[in-house]
Amino acid sequence: MINWNFEMNMIGVASTILAWVILAVLIRGTYNTQNSDERPKLWKIIIAVLIGLFSFSINLTLFSELFSIAILPLGVLILYGVLQGKKRWEAYRKYAWIGFFGNYIFLGTAILAILLTGVLYPIDDVKTYLADLSEAELLSIHPSGQEVGMNVTQLEESLFSFEREHLDAVQWYEDIREQKRPSEEYINPESVQEKFPYLLTGVGAQAGKEVRIYVESDGKGLLITTKDHQYYFRSDTASFLEERGNEE
């Protein structure tokens, strides 16, 4: 059966509803064209469609998402084997195939949802991940982090200045490793300067995304982690971090 792994959101829910509506329309049209004496009962039709959804599938990556593509109609073959001997196959045949092709209907609406999500919630816009800051809090998660607070108003006003950039993860790792080179058996954790010592919590993202946001030590960089990806945004002018003594 069709499956997609992006976060569920209103667009995803709407695409699923649309797929079921299309299936319902196909079932209704098929039902109306059948002779009244050969029409199965409604509950049997629903079972036939659901069984028809079963298939042998292959996994394929599209738009950076993993999909299961139906190849072999296992459900159709099962129904054929069960109903052929009872001479009821012709009455159920179209419903079984509606179920199988329903996999492609779900695939199509899932791809449509991803495309619409990409247009409405672009991955290169930091506001996609920081849509609601009303409950935002800043936590220090590493000993190298300073005792600072956060000015939410200034953060909101500076969001426009953040642009997505490439983060050299290899260099980041090498910098940390260089700090741990001393031969002493014990290394003071506070002597290691973490690049992202702060965590921004209580942030509401668009499109139903679950995000974890790390703040760079100078307050000008954001490392945003979603279920499947990481994005680095950098600003030259952001100044929302405040020393504790300067908080209003």
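Our structure's up above, just so we're on the same page.
What counts and how
- Residues numbered from 1 in each chain as written.
- Predicted model: local features only at pLDDT ≥ 70, side-chain atom pairs only at ≥ 80, totals over all residues.
- Heavy atoms only, no water.
- Helix = DSSP H or I, 4+ residues; strand = E, 2+ residues; numbered from the N terminus.
- Buried < 20%, exposed > 50% of the residue type's maximum accessible area, 1.4 Å probe, protein only.
- Areas by Shrake-Rupley, 256 points an atom, 1.4 Å probe, with all protein chains shown as cover.
- Salt bridge = Lys/Arg side-chain N within 4 Å of Asp/Glu carboxyl O.
- Contact = heavy atoms within 4.5 Å.
- Phe/Tyr/Trp six-rings, centres within 6.5 Å; stacked < 30°, edge-to-face > 60°.
- Lys NZ or Arg CZ within 6 Å of the ring centre and 35° of its normal.
- Pairing = 2+ DSSP bridges.
- Patch = residues over 30% accessible without salt bridge, like charges linked within 9 Å, V, L, I, M, F, W, Y side chains within 5 Å.
- Core = buried A, V, L, I, M, F, W, Y, C linked by side-chain atoms within 4.5 Å.
- Axes fitted to C-alpha atoms, helices over the stretch in contact; angles between N-to-C directions.
- Lys, Arg positive; Asp, Glu negative; His and termini not counted.
- Charge placed at Lys NZ, Arg CZ, Asp CG, Glu CD.

(A) Spotlight on the overall build of the protein chain. Within the protein chain, the regular secondary structure consists of six helices and ten strands. Taken across its 248 residues, the protein chain has 39% of its residues classed as buried. Accessible area of the protein chain: about 14800 Å², with a carbon and sulfur share of 56%.

(B) Layout of the environment of Lys44. Here Lys44 lies in helix H2 (residues 42-52). You can call Lys44 partly exposed: its relative accessible area is 32%.

(C) Summary view of the pattern of salt bridges. Scanning the model with the defined rule gives five salt bridges in all. Residue Arg93 is joined to Glu90 by a salt bridge in which the shortest nitrogen-to-oxygen separation is 3.4 Å. Here Arg93 and its partner Glu90 are both found in helix H4 (residues 89-120), three residues apart, which amounts to about one turn of the helix. Taking the shortest distance from any N to any O, the salt bridge between Arg234 and Glu216 comes out at 2.9 Å.

(D) Broad picture of the environment of Glu38. Relative to the helices and strands, Glu38 is located in the loop between helix H1 (10-33) and H2. Along the primary structure Glu38 and Arg88 are separated by 50 residues, whereas in three dimensions their C-alpha atoms are 8.8 Å apart. Not counting the four nearest positions on each side in its chain, Glu38 is found in contact with Arg88 and Ala91.

(E) Representation of the packing of aromatic side chains. In the structure shown here, the tally under the stated rule is ten aromatic pairs. Seen from their ring centres, Tyr129 and Phe233 are 6.1 Å apart, and the 55 degrees between their planes marks the pair as tilted. Taken as a pair, Tyr129 in the loop between H4 and strand E3 (137-140) and Phe233 in strand E9 (residues 230-234) lie far apart in primary sequence, 104 residues in all. What makes Tyr129 buried here is its relative accessible area of 0%. Note on Phe233: relative accessible area 0%, which makes it buried. An aromatic cluster is present here, built from Trp97, Phe100, Phe101 and Tyr104 joined pairwise through their rings. The ring of Tyr31 carries the charged tip of Arg39 above its face, separated from the ring centre by 4.7 Å.

(F) Structural view of the pairing of strand E1 (residues 56-62). When E1 meets strand E2 (residues 65-72), the two strands line up antiparallel, connected through seven bridges. Bridging from a neighbouring strand, Phe56 pairs with Leu72 of E2. Linking E1 to E2, which pair antiparallel, is a turn of two residues; within it Phe63 sits at a positive phi near 55 degrees.

(G) Representation of a nonpolar patch on the surface. There is a patch of nonpolar side chains on the surface, built from Phe54, Phe56, Ile58, Ile71, Leu72, Leu74, Leu77, Ile78, Val82, Trp97, Phe101 and Tyr104 and spanning about 1100 Å² of accessible area. When residues of the nonpolar patch are traced back to their parent elements, those giving at least two are E1, E2, helix H3 (74-83) and H4. No other element matches H3, which puts four residues into the nonpolar patch. Mapped onto the fold, Leu74 is located in helix H3.

(H) Molecular detail of the nonpolar core. One finds Leu130, Leu200, Leu222 and Phe240 to be the most contacted residues of the largest nonpolar core, which totals 23 residues. For this core, the secondary structure elements donating two or more residues are strand E4 (148-150), strand E6 (198-201), strand E7 (212-215), strand E8 (221-225) and E9. Leu222 has contacts with Val126, Leu130, Phe162, Phe196, Ile213, Tyr214, Val215, Tyr231, Tyr232, Phe233 and Phe240, leaving out every residue within four places of it along the chain. Ile27, Tyr92, Tyr95 and Ile98 belong to the second largest nonpolar core, which has 20 residues in total.

(I) Structural view of the sheet that holds E8. Here six strands make up an open sheet; going across it, the order is E3-E6-E7-E8-E9-E5 and the pairing antiparallel. Two strands close off the open sheet at either side, each with one partner strand: E3 and strand E5 (163-165). With strand direction ignored, the average angle separating the axes of adjacent strands in the sheet is 35 degrees. Relative to E7, E6 runs antiparallel, the two being bridged by three bridges. Within E7, the position partnered with Leu199 by the bridge is Tyr214.

(J) Geometry of a positive patch on the surface. There is a patch of like positive charges on the surface, built from Lys41, Lys44, Lys86 and Arg88. The topology assignment puts Lys41 in the loop between H1 and H2. For Lys41, a relative accessible area of 54% puts it in the exposed group.

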